[in-house]
Amino acid sequence: MSDLPASAKIIIIGGGIVGCSTAYHLGKMGQTDVLLLERARLTSGSTWHAAGLVGQLRSSANITQLLGYSVALYDRLETETGLATGWKRNGGLRLACNAERWTEVKRQATTAKSFGLDMQLLTPKEAQELWPLMQVDDVVGAAFLPTDGQASPSDITMSLAKGARMGGVTIREGVRVVGIETEGGAVRAVVTDQGRIACEKLVICAGQWARQVGKLAGVNIPLVSMQHQYLITEKIEGVTPGLPTLRDPDRLTYWKEEVGGLVMGGYEPNPKPWSETPIADSFEFQLLDNDLEHFEPLLELAAGRVPAMQTAGIKQFMNGPESFTPDGNFILGEAPEVKNVFVGAGFNAFGIASGGGAGMALAEWVAKGEPPYDLWPVDIRRFGRNHLDVNWVRTRTMEAYAKHYTMAWPHEEHTSGRPLRRSPLYDRLTAEGAVFGEKLGWERPNWFADGEEARDIYSYGRPNWFAAVGREHEAARERAAVFDQTSFAKFTLKGRDAEQALSWIAANDVAKPVGRLVYTQMLNSRGGIECDLTVARVADDEYYIVTGTGFATHDFNWISRSIPAGLDARLTDVTSAYGVLAVMGPRSRDVLAPLTSADVSNAAFPFGHARRITLAGAPVLALRVTYVGELGWELHIPVEFMATVYDALMAEGAKHGIANAGYRAIESLRLEKGYRAWASDIGADHSPLVAGMGWAVKLKSNIPFQGREALSAQAAKPLPRLLAGFTADPDVVLLGRETIYRNGERVGWLSSGGFGYTVGRAIGYGYVRRPEQGVDADFVLSGTYELEVATERVPAKVTLEAPYDPAGARIRG
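Predicted model only: the values in this text are computed from it and were never measured. (Residues numbered from 1 in each chain as written. Predicted model: local features only at pLDDT ≥ 70, side-chain atom pairs only at ≥ 80, totals over all residues. Heavy atoms only, no water.)

Undergrad: I'd like to hear about the pattern of salt bridges, residue by residue, with values.
TA: The final tally for this structure, using the stated rule, is 48 salt bridges. Salt-bridge contacts for Arg 382 lead to Asp 327; the nearest nitrogen and oxygen are separated by 2.6 Å. Here Asp 327 lies in the loop between β17 (314-324) and β18 (331-334) and Arg 382 lies in the loop between α8 (351-368) and α9 (390-402), a separation of 55 residues in the sequence. Using a relative accessible area of 10% as the deciding quantity, one classes Arg 382 as buried. With its nearest N and O atoms 2.9 Å apart, the salt bridge here joins Arg 471 to Glu 452. Of the two residues, Arg 471 sits in helix α11 (residues 466-478) while Glu 452 sits in the loop between β21 (442-448) and α11, which places them 19 residues apart along the sequence. A relative accessible area of 32% places Arg 471 in the partly exposed class. One salt-bridge network, held together by shared partners, links Arg 396, Glu 399, Lys 403, Glu 412 and Glu 438. (Salt bridge = Lys/Arg side-chain N within 4 Å of Asp/Glu carboxyl O. Helix = DSSP H or I, 4+ residues; strand = E, 2+ residues; numbered from the N terminus. Buried < 20%, exposed > 50% of the residue type's maximum accessible area, 1.4 Å probe, protein only.)

Here is the structure:
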């Protein structure tokens, strides 16, 4: 007879490191009605054969913080539970073997400094002193993070499991989940091979099985299994217990000490997936057949770095499947499809490094309904329709795996699984020289070649598209430019209570007459910005909502779940129904006027308004709005009319010097205007007040809205940080994450960076931080500033106004 309970408040599926860490942290929070189910035995999936390297630095400050939490937890866990973890802070060493990689490493060192990590740059000789077994003839330099380390994956998981039990959590092994019951869009129960267990919340931490388990609940978890090989040597003379972990990305390999020998693995440029059919439940503590032919190129590269490998005995070859994702980031958060189903999976061989922090964050998300801080880079809502097809996911994941140790170029685009989602203008724009990028499966023109080779050539300096983007930028500033922004996510909110619902969700006043357009944020309970979008009132009972391409799933989920119960307000995704052409520039009215019978004068069609018009024979919803800082319109067009409207715009626009332009020009134009970008300059951790956007919030009214209480409390105190703009000499390349110094003291980092072609300066934005005393405009503007770029400081000027047209006169003409 089963000893499983009839119900549990929270059920966790999966007994690897992330499931056990989540259970441990829930127990720490006093959540004792928690049941962890493991189909076989703890660690038996992929945790037991993980390599166990623990690094911290990532391109996101918050993900770096999360990994730093793992390190702090591992420091104390063995003492707390009495179980050995194999954890040691022996430091992590990363090599650079060419000039470009050295630039990348120096950029990483500056990022580390921005995020408060001590990354030391070393000469080849200094690196060799830390790792005497390697030859360094080809090494240009190295970076060392003293707080990185390594752990025994199984031991640390067992220690977390003991800690969970000590906290009152129940763990049951040998229980297979065969079904998940949902009702009314929320989870209700888990069905196992030993009976049904009712639950309020479900956490899927099932590793490689997560996609299969998610499917039982109607939840898509885009990950696939990849074969990952490494070897363990016999003891090698000179290998000491304190030897740092070593990453040699130019040779695609990593190393760590293991009982006097070495673990050596790597990431092949031609990876192999595993199990294209559902993984058997009986697969536990198993490895795949060794593929020495596939591993041999890495072994040759490794022997070139560590000559002792040529004579070392091999104790064991490991070929273990691990789950990887299409973008190389793991997956956390509440599933958008089903309420109270949470996911922690797809750790891309970073499960041990991430396990402590991911479990902490997931436990808080489950218990409190929101994460401890903004985790957008790993949020499950970053995925979209293109991630529903597992074959597409596998194709893209293989590319991401192969890039694990390749150069992380600025603005780099994936190439696999393309093209998938295309605007009706794709072929036309290709013929015009468009070089496309991709976001959420959409092909989007990044720039247009005219004399240049029509492909991206990446660089940490000025890339090959720099001049082309400058031409497009100039067209938008001086004449007219047309941007295909069909990939915008577009929703309608309809119903007799649409105004009431949106007034609660939106921080700005959306209770406007039909025909008005409102730029607004949507806030969480902390006053942080969850959505940043445009709302047009198109009828008494209908709003048309436009948001960024990559935020389609996230924003739809946020809005739909924020509609107060009982209100008649229905949200519908209409993205695929409409294309978008943005016509921007001082001559944009001259281009539009001959093509429509509508009056597009400033008096009849002012900024911040929306009109249904006909243009070149097509029904169009025209929005007088801009993200580039010029007079212009977004034209939302039924897809079957797109080609006709585009052809008419280009024919009429030829008289006015119209040009095609892409997303990289939009970026340079918005930087000059100081427009914020969600997921970089603003996000769930930043309120409109610290972002300098208090003007877009209805705090002075008595209208209640989500996040108002937190925002009012913040407004009554000194702000902990304030977003400021910075400009530097034109030869400085700003990419984001550069360290900000005020009067010689580190006060923050850039959230975004680029070049302003009109002002002729490098431009970046970042928060000036002083959490204890607070920050105001006088404090920001009174300092002398420098930016650290690839470890070198350059002078910078600070501003709280837009570098270009701060009064906004050009958008209202």
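From this point, the discussion proceeds with the structure in view.
Undergrad: Just give me the short version of the layout of surface pockets, but keep the residues and values in it.
TA: Rolled over the atoms, a probe as big as a water molecule pinpoints where empty space is left. Reported here for the second largest pocket is a volume of approximately 630 Å³. Residue assignment for the lining of the second largest pocket shows that the elements contributing at least two residues are α1 (17-28), β2 (34-38), α6 (210-216), β17, β19 (341-345) and α8. Residue classes in the lining of the second largest pocket are distributed as 18 nonpolar, 17 polar and five charged. (1 Å grid on protein atoms, 1.4 Å probe; cavity = no way out; pocket = protein on both sides within 12 Å on 5 of 7 lines; lining within 4 Å. Points joined across faces, edges and corners; volume = space filled by probe spheres on them. Nonpolar A, V, L, I, M, F, W, Y, C, P; charged D, E, K, R; others polar.)

Undergrad: Go over the packing of helix α2 (residues 61-81) against α8, please, and point to the residues and values.
TA: Remark: α2 packs on α8, axes separated minimally by 7 Å, with the N-to-C direction vectors making an angle of 100 degrees. Judged by the inter-axis angle, α2 sits roughly perpendicular to α8. Seen from α2, the contacting residues are Leu 66, Leu 67, Tyr 69, Ser 70, Leu 73 and Tyr 74; seen from α8, they are Ile 352, Ala 353, Ser 354, Gly 355, Gly 356, Gly 357, Ala 358, Met 360 and Ala 361. Each residue belonging to the contact of α2 with α8 can be placed in one class, and the counts come to 10 nonpolar, five polar and no charged. (Axes fitted to C-alpha atoms, helices over the stretch in contact; angles between N-to-C directions. Parallel < 35°, antiparallel > 145°, perpendicular 65-115°, else oblique. Contact = heavy atoms within 4.5 Å.)

Undergrad: Describe the nonpolar core, with residues and values.
TA: Membership of the largest hydrophobic core comes to 46 residues, with the highest contact counts inside it found for Ile 12, Leu 66, Val 203, Leu 332 and Leu 375. Secondary structure elements with two or more residues in this core: β1 (7-13), α1, β2, α2, α5 (153-166) and α8. By residue number, the principal contributor to this core is α8, which donates nine residues. Sequence-distant contacts of Leu 66, defined by excluding residues within four places in its chain, comprise Phe 330, Leu 332, Ser 354, Gly 357, Ala 358, Ala 361, Tyr 373 and Leu 375. (Core = buried A, V, L, I, M, F, W, Y, C linked by side-chain atoms within 4.5 Å.)

Undergrad: Please set out the sheet that holds strand β35 (residues 745-756) residue by residue, giving values where relevant.
TA: A barrel is described by the order of its strands in space; here six strands give the closed sequence β33-β36-β35-β34-β37-β38, paired in antiparallel fashion. Across the sheet, the mean angle separating the axes of adjacent strands is 40 degrees when strand polarity is ignored. For strand β33 (residues 721-728) and strand β36 (residues 761-769), the ladder comprises eight bridges, and the chain directions are antiparallel. Paired with Gly 725 across the strands is Tyr 765, a residue of β36. Each of β35 and β36 is contacted by helix α16 (residues 663-673), which is oriented at about 130 degrees to β35, the strand it contacts most. (Pairing = 2+ DSSP bridges.)

Undergrad: Go over unusual backbone geometry, please, and point to the residues and values.
TA: Each neighbour pair has its own omega, and for Arg 418 with Pro 419 the value is -5 degrees, a cis peptide bond. Tracing the sequence through the fold places Pro 419 in the loop between α9 and α10 (426-431). For Arg 737, which is not glycine, the phi dihedral falls at a positive 80 degrees. Checked against the element boundaries, Arg 737 lands in the loop between β33 and β34 (739-742). Under the relative-accessibility criterion, Arg 737 is labelled partly exposed at 33%. With a phi angle near 50 degrees, Asn 743 is a residue other than glycine that sits in the positive phi range. Note on placement: Asn 743 falls in the loop between β34 and β35. The class for Asn 743 is partly exposed, based on a relative accessible area of 49%.

Undergrad: Provide a residue-level description of the sheet that holds strand β31 (residues 632-638), including the pertinent values.
TA: Spatially, β29-β30-β31-β28-β22-β32 is the arrangement adopted by the six strands of the open sheet, whose pairing is mixed. The open sheet has two edge strands, β29 (610-615) and β32 (658-661), and neither has a second partner. If you compare each strand with its neighbour and ignore which way they point, the axes differ by 30 degrees on average. Relative to β31, strand β28 (residues 578-584) runs antiparallel, the two being bridged by seven bridges. Each residue of the ladder has a partner; that of Leu 581, found in β31, is Leu 635. Here helix α15 (residues 642-653) sits on the sheet and contacts β22 (480-484), β28, β29, β30 (618-623), β31 and β32; the angle it forms with β28, its principal contact strand, is near 15 degrees.

Undergrad: Residues and numbers for the packing of α2 against α5, please.
TA: Between α2 and α5, whose axes approach to 10 Å, the crossing angle comes to 60 degrees. Of the possible angle classes, the one that applies to α2 and α5 is oblique. For the crossing formed where α2 meets α5, the hand is left-handed. Residue-level contacts link Leu 73, Tyr 74, Leu 77, Glu 80 and Thr 81 of α2 to Ile 156, Ser 159, Leu 160, Lys 162, Gly 163 and Met 166 of α5. (Left-handed = near helix turned anticlockwise from the far one by under 90°.)

Undergrad: Just give me the short version of the pairing of strand β20 (residues 434-439), but keep the residues and values in it.
TA: Counting buried positions along β20 yields five of six residues, so the element is predominantly enclosed. Both β20 and β21 contribute to a ladder of six bridges, which runs antiparallel. The partner of Lys 439 across the bridge, within β21, is Trp 442. Hairpin connection between β20 and β21: a loop of two residues separates the two successive antiparallel strands, and Leu 440 in this loop has a positive phi of roughly 50 degrees.

Undergrad: Tell me about the packing of aromatic side chains, and name the residues and values.
TA: Applying the stated criterion across every chain, the model contains 26 aromatic pairs. Judged by centre distance (5.0 Å) and plane angle (40 degrees), the ring pair of Phe 466 and Tyr 757 falls under tilted. In this pair, Phe 466 sits in helix α11 while Tyr 757 sits in the loop between β35 and β36, placing the two residues 291 residues apart along the sequence. Tyr 757 gets classed as partly exposed once you look at its relative accessible area, which sits at 22%. (Phe/Tyr/Trp six-rings, centres within 6.5 Å; stacked < 30°, edge-to-face > 60°.)

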